[in-house]
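Structure at a glance
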Amino acid sequence: MYTDAPLAPRESLRGVSGPVYDRCIASLRIAGDSGVPAIAAWWTVRSDSSAVLMTSRVVSGGSWSAPVVADSTDRGTRGCGRPPPAISVDPVSGSAQLAYFLEPASGGGVFFAHSMDSGSTWHAPIPIVFGRHPARASVASRGDRVAVAYEDPNAEQPLIDVALSTSMGHIFEDRVLASSPNGRARQPVVRLTGDSVHVWWSEYSPNPAVSATRPRYRAAKWK
């Protein structure tokens, strides 16, 4: 059901100083929860303008660990001009998840990777959807359930889709359209609470001269 949106949660922790490493500054995202160590993700750019997705985690004493490569397969030439990665930390298991747009040799799209050891190592990424348009993503998890909301990288008119997994992201069994097919939806945010999926996004005017946006929200029970 579409309603006037409640305030969307923040996609990055505030009040936490990020790791000081070579990075695209605007791409830095930090996730964590009470009792769960913070984990940061960001893009760093190679000399050919392709990028590497890096992560770091808070270790003893509150310092940041040495950076870890989460995905080095990008072959695009966008430099820092690419959507930031999305990162979440599951408050139940402590596992971490990443969702991001990447352009490997096999073709661009939205990808997902997860870590079972709080960001020390990352499993090989899997594609959520292939497409050529750069797309923002958001990710949330709770127990075995993972939700990735993303801008459809194939849509000529901006849409928000959600991919759902009941296997910690090993397989995404379902895809659903979250936004209206008649809107122009961008910048998704997704969260899981209990047995519900919550998605926020911004809806833009079809008139490019109008900069105002309208917040939108949808919540549904996980089937």
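Please refer to the structure higher up on the page.
Quick look at the structure, then. Treat the numbers as computed from the prediction; the structure is a model and nothing was measured. (Residues numbered from 1 in each chain as written. Predicted model: local features only at pLDDT ≥ 70, side-chain atom pairs only at ≥ 80, totals over all residues. Heavy atoms only, no water.)

On to the pairing of strand S11 (residues 145-151). Across the seven residues of S11, six count as buried, placing the element largely inside the fold. The pairing of strand S10 (residues 137-142) with S11 spans six bridges and is classified as antiparallel. By the bridge assignment, Val139 is partnered in S11 with Val148. Taking the residues that link successive antiparallel strands as the turn, the S10-S11 hairpin has two residues, and the phi of Gly143 there is positive, at about 65 degrees. Examined bridge by bridge, S11 and strand S12 (residues 160-165) share six bridges and lie antiparallel to one another. (Buried < 20%, exposed > 50% of the residue type's maximum accessible area, 1.4 Å probe, protein only. Helix = DSSP H or I, 4+ residues; strand = E, 2+ residues; numbered from the N terminus. Pairing = 2+ DSSP bridges.)

As a further point, take the packing of aromatic side chains. All chains considered together, the criterion is met by six aromatic pairs. Ring geometry for Phe112 and Phe172: centres 5.2 Å apart, planes at 80 degrees, overall edge-to-face. Within this pair, whereas Phe112 is found in strand S8 (residues 109-115), its partner Phe172 is found in the loop between S12 and strand S13 (174-177), the two being separated by 60 residues in sequence. The pair Phe112 / Phe172 is uniform in exposure class, with both members buried. Members of the aromatic cluster, connected to one another through ring pairs, are Trp43, Tyr100, Phe111 and Phe130. Residue placement shows Arg82 over the ring face of Trp43; its charged tip is 5.5 Å from the ring centre. The aromatic ring of Tyr204 is capped on one face by Arg186, whose charged end is 5.0 Å from the ring centroid. (Phe/Tyr/Trp six-rings, centres within 6.5 Å; stacked < 30°, edge-to-face > 60°. Lys NZ or Arg CZ within 6 Å of the ring centre and 35° of its normal.)

Here the focus is the side chain of Gln97. Residue placement: Gln97 occurs in strand S7 (residues 96-102). We classify Gln97 as buried; its relative accessible area is 3%. Here the side chain of Gln97 touches Ser95 through a polar contact of 2.9 Å, side chain to side chain. When sequence neighbours within four positions are dropped, the list of residues in contact with Gln97 reads Ala86, Ile87, Ser88, Val89, Asp90, Phe112, Ala113, His114, Trp122, Val139 and Ser141. (Polar contact = N/O pair within 3.5 Å; in protein donor to acceptor, adjacent residues only side chain to side chain. Contact = heavy atoms within 4.5 Å.)

What follows deals with the state of the cysteines. One pass over the structure, following the stated rule, counts one disulfide. Covalent S-S linkage joins Cys24 and Cys80, the inter-sulfur distance amounting to 2.1 Å. The sign of the S-S torsion, about -80 degrees, decides the handedness of the disulfide formed by Cys24 and Cys80: left-handed. Note that Cys24 is positioned in the loop between strand S1 (2-4) and strand S2 (29-33) and Cys80 in the loop between strand S5 (68-71) and strand S6 (86-89), a separation of 56 residues in sequence. We classify Cys80 as partly exposed; its relative accessible area is 49%. (Disulfide = S-S within 2.5 Å.)

For the rest of this paragraph, the subject is the pattern of salt bridges. Pairing of side chains with opposite charge becomes possible as their charged atoms draw close. Counted according to the given criterion, the structure contains five salt bridges. Residue Asp74 is joined to Arg82 by a salt bridge in which the shortest nitrogen-to-oxygen separation is 3.2 Å. In this pair, the class of Asp74 matches that of Arg82, namely buried. (Salt bridge = Lys/Arg side-chain N within 4 Å of Asp/Glu carboxyl O.)

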